[in-house]
Amino acid sequence: MTKFEHIVTHNFFLLACLLMLSACSDGTHLTGWKKGDLDIHCINTGRGESMFYVFPDGTTMMVDAAGSLLKKHKHMPTAPKPDSTVSTGSVIIDYVRHFAPRGHADTIDYFVLSHFHTDHMGDVNQSLPRHPEGGFLMSSICEVGSTIPYKRLITRGDPTEVKTSNCTREENLCNFMSFVDWSAKANGTRYEYFDPCSDTQIVPVRGKVEGFKVHNLAAAGRYRTSPDSKEWTTDMPSRAVLDSLGDPGAYPGENTMSSAFILSYGPFDIFSGGDLQWAHRDIHDYFDIEAPVSKLCCKVEVMKASHHCTKGANGPDIMNALRPDVVVANVWRDVQPNPQTLDNIYAASPDCKVFLTNLHPDNLVKDYLDRIASTGGHIVIRVSRGGSSYTIYTLDDTDPSYRITGKWGPFKCN
């Protein structure tokens, strides 16, 4: 490079930085995370659920990595975002690199897989690229973790005990475990199971944060015996008992096995429960995991809707316990959200603001549109220092600069 070329390149870089700073300060783009704030991002890929958290000290946590490859079904998926030319993993990678704290976009401190379903971890087929070293196919959880290594990887339980279905095939689980083995050797990733009785499994690692806690509640069908107990119980028969019954219908679905927690920062609380549900409790009582988990909950400011706000989840028990002021839903099918589920939300919290990452044109909630705050885009919850208030933003999911499309708040936390 000549001296002239170097000067031109340097000046172009400075101009680009100035333009970015200008964009961040003119109200059209979200400013970067700053120390003391808690940022919670619903990343919209149109292919499931992925949440990215930046703790007040800069610790990062991702919960799930959407990546269903479903194209045609009786319940049709929404369009992939920003479009079908890019993989779900690359969408998540770009988003994390954009919003991670400066200097900390090269790793993710915690990755929590709520349960083993493809719309939360990605699916595999032979058309996907194969990792040149690990040999695994690049499903979304593997693609993200291969590019931005996970320091700790936490799953709801042992993947070898998963009852496979069309939502989680044996091939997918074997591919995931190949990635886990490679990541442990290549990146030092620590792999463990979600502890339903822990308040210290997930903690800030970059500095002490007063009033901050991730309070685990449930995982793999196990839940605390009381809100502050260090012991767990379960209503589910053991795997050995289920295997002995010879009845495929007796196994709880993978959604029921989801991990759940409440993250608190001062007076601010958010509930996250993967795809917890009460569905099919008429067949077996233990299929309803929401009822016992609801007894461990209290009122929260924000709820991450369980099972994408679809039928058989977010029932009266848990909604009356949480009574959220805001519900965010990672919607990606034409049956999401379900009208009865919205009824449950509004019955528990009449003034609740509901935010959806997508809304399929064939969805049946048109009578609720005047009550839904937003029906598309990435969703960001920014909690101020100490957790005293929070503001909600929606971002353009087709724009690589993530332009702000809506703003609500600030709302005071009680």
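Residues numbered from 1 in each chain as written. Predicted model: local features only at pLDDT ≥ 70, side-chain atom pairs only at ≥ 80, totals over all residues. Heavy atoms only, no water.

(A) Summary view of the pairing of strand 6 (residues 190-193). Summarising the sheet, strand 5 (residues 150-155) and strand 6 pair through four bridges and their orientation is parallel. Looking at strand 6, one finds that Thr-155 is bridged to Tyr-193. Read as a crossover between parallel neighbours, the route from strand 5 over helix 5 (residues 170-187) to strand 6 is right-handed. (Pairing = 2+ DSSP bridges. Helix = DSSP H or I, 4+ residues; strand = E, 2+ residues; numbered from the N terminus. Right-handed = clockwise from strand over helix to strand, strands pointing away.)

(B) Here's a closer look at the nonpolar core. The biggest cluster of nonpolar side chains holds 37 residues, and the ones touching the most others in it are Met-62, Phe-111, Ile-141, Tyr-150, Phe-176, Phe-179 and Leu-395. Mapped onto this core, the elements with two or more residues apiece are strand 2 (51-54), helix 2 (88-99), strand 4 (108-113), helix 4 (140-147), strand 5, helix 5 and strand 17 (389-395). Those residues in contact with Phe-176 that sit more than four places away from it in its chain are Leu-113, Phe-116, Met-121, Ile-141, Leu-153, Thr-155 and Tyr-191. (Core = buried A, V, L, I, M, F, W, Y, C linked by side-chain atoms within 4.5 Å. Buried < 20%, exposed > 50% of the residue type's maximum accessible area, 1.4 Å probe, protein only. Contact = heavy atoms within 4.5 Å.)

(C) Molecular detail of the pairing of strand 14 (residues 353-356). Two elements, strand 13 (residues 326-329) and strand 14, share four bridges in a ladder whose sense is parallel. Across the sheet, the residue bridging to Val-328 is Phe-355, located in strand 14. For the segment spanning strand 13, helix 9 (residues 339-348) and strand 14, crossover handedness is right-handed. Here strand 14 runs beside strand 15 (residues 372-374); their pairing, made up of two bridges, is parallel.

(D) Region of the structure containing the pattern of salt bridges. For the coordinates displayed, the defined rule picks out 18 salt bridges. Salt-bridge contacts for Arg-169 lead to Glu-171; the nearest nitrogen and oxygen are separated by 2.8 Å. The class of Arg-169 is partly exposed, set by a relative accessible area of 27%. (Salt bridge = Lys/Arg side-chain N within 4 Å of Asp/Glu carboxyl O.)

(E) Region of interest: helix 5. If you check helix 5, its first and last C-alpha atoms are 25 Å apart, about what 18 residues at 1.5 Å a residue would give, namely 26 Å. Among all positions of helix 5, only Asn-172, Leu-173, Asn-175, Phe-176, Phe-179, Val-180, Trp-182 and Ser-183 are buried. On its buried face, helix 5 sits against strand 4, helix 3 (118-121), helix 4, strand 5 and strand 6. In the stretch just after helix 5, Gly-188 is the one whose phi turns positive, near 70°. (Expected span 1.5 Å × (residues − 1).)

(F) Up close: the packing of helix 2 against helix 4. Interhelical geometry of helix 2 versus helix 4 gives an angle of 40° and a closest axis separation of 8 Å. Here helix 2 is positioned oblique relative to helix 4, judged by the angle of their axes. Taken as a pair, helix 2 and helix 4 cross one another with a handedness that is right-handed. Across the interface between the two elements, Thr-88, Gly-89, Ser-90, Ile-92, Ile-93 and Arg-97 from helix 2 touch Ser-140, Glu-143, Val-144 and Thr-147 from helix 4. Partitioning the contact of helix 2 with helix 4 into residue classes produces three nonpolar, five polar and two charged. (Axes fitted to C-alpha atoms, helices over the stretch in contact; angles between N-to-C directions. Parallel < 35°, antiparallel > 145°, perpendicular 65-115°, else oblique. Left-handed = near helix turned anticlockwise from the far one by under 90°. Nonpolar A, V, L, I, M, F, W, Y, C, P; charged D, E, K, R; others polar.)

(G) Structural context of the sheet that holds strand 3 (residues 60-63). Spatially, nine strands are ordered 6-5-4-3-2-1-16-17-18 in an open sheet, and the strand pairing comes out mixed. Two strands in the sheet have a free side with no partner beyond their single neighbour: strand 6 and strand 18 (404-412). Strand-to-strand, the axes of this sheet are offset by a mean angle of 15°, without reference to chain direction. Both strand 4 and strand 5 contribute to a ladder of five bridges, which runs parallel. From the neighbouring strand, Phe-111 faces strand 5, where its bridge partner is Leu-153.

(H) Focus on the sheet that holds strand 8 (residues 222-224). What the nine strands build is an open sheet, ordered 9-8-7-10-11-12-13-14-15; its pairing is mixed. Only two strands of the sheet have a single neighbouring strand rather than two, namely strand 9 (232-234) and strand 15. Strand-to-strand, the axes of this sheet are offset by a mean angle of 25°, without reference to chain direction. With three bridges joining them, strand 12 (residues 302-304) and strand 13 adopt parallel strand pairing. Note on strand 13: the bridge partner recorded for Val-302 is Val-326. Here helix 9 sits on the sheet in contact with strand 13, strand 14 and strand 15, set at roughly 145° to strand 14.

(I) Main features of unusual backbone geometry. Residue Pro-82 is reached from Lys-81 by a cis peptide bond, and omega for that bond is 0°. Considering the arrangement of structural elements, one finds Pro-82 in the loop between strand 3 and helix 2. Unusually for a residue other than glycine, Asp-64 sits at a positive phi of about 75°. Mapped onto the secondary structure, Asp-64 falls in the loop between strand 3 and helix 2. What makes Asp-64 buried here is its relative accessible area of 0%. In this model, His-307 sits at a positive phi of 50°, which is unusual for a non-glycine residue.

(J) Seen up close, the state of the cysteines. Following the criterion strictly, the structure yields zero disulfides and no others. Cys-167 carries a free sulfur, and the closest cysteine sulfur to it, the one in Cys-174, is 17 Å from it. The partly exposed category is assigned to Cys-167, whose relative accessible area is 33%. (Disulfide = S-S within 2.5 Å.)

(K) Looking closely at the packing of aromatic side chains. For the structure shown, the criterion picks out 18 aromatic pairs. Measuring from centroid to centroid gives 5.1 Å for Tyr-95 and Tyr-402, while their planes differ by 75°, and the two rings are edge-to-face. A residue pair is termed long-range when its members are at least 10 positions apart, and Tyr-95 in helix 2 and Tyr-402 in the loop between strand 17 and strand 18 qualify at 307 residues. Relative accessible area serves as the criterion here: at 8%, Tyr-402 is assigned to the buried category. Arranged with centres 5.8 Å apart and planes meeting at 85°, the rings of Tyr-191 and Tyr-193 form a pair that is edge-to-face. Of the residues examined, Tyr-191 reaches a relative accessible area of 24% and is grouped as partly exposed. Members of the aromatic cluster, connected to one another through ring pairs, are Phe-111, Phe-136, Tyr-150, Phe-179 and Trp-182. (Phe/Tyr/Trp six-rings, centres within 6.5 Å; stacked < 30°, edge-to-face > 60°.)

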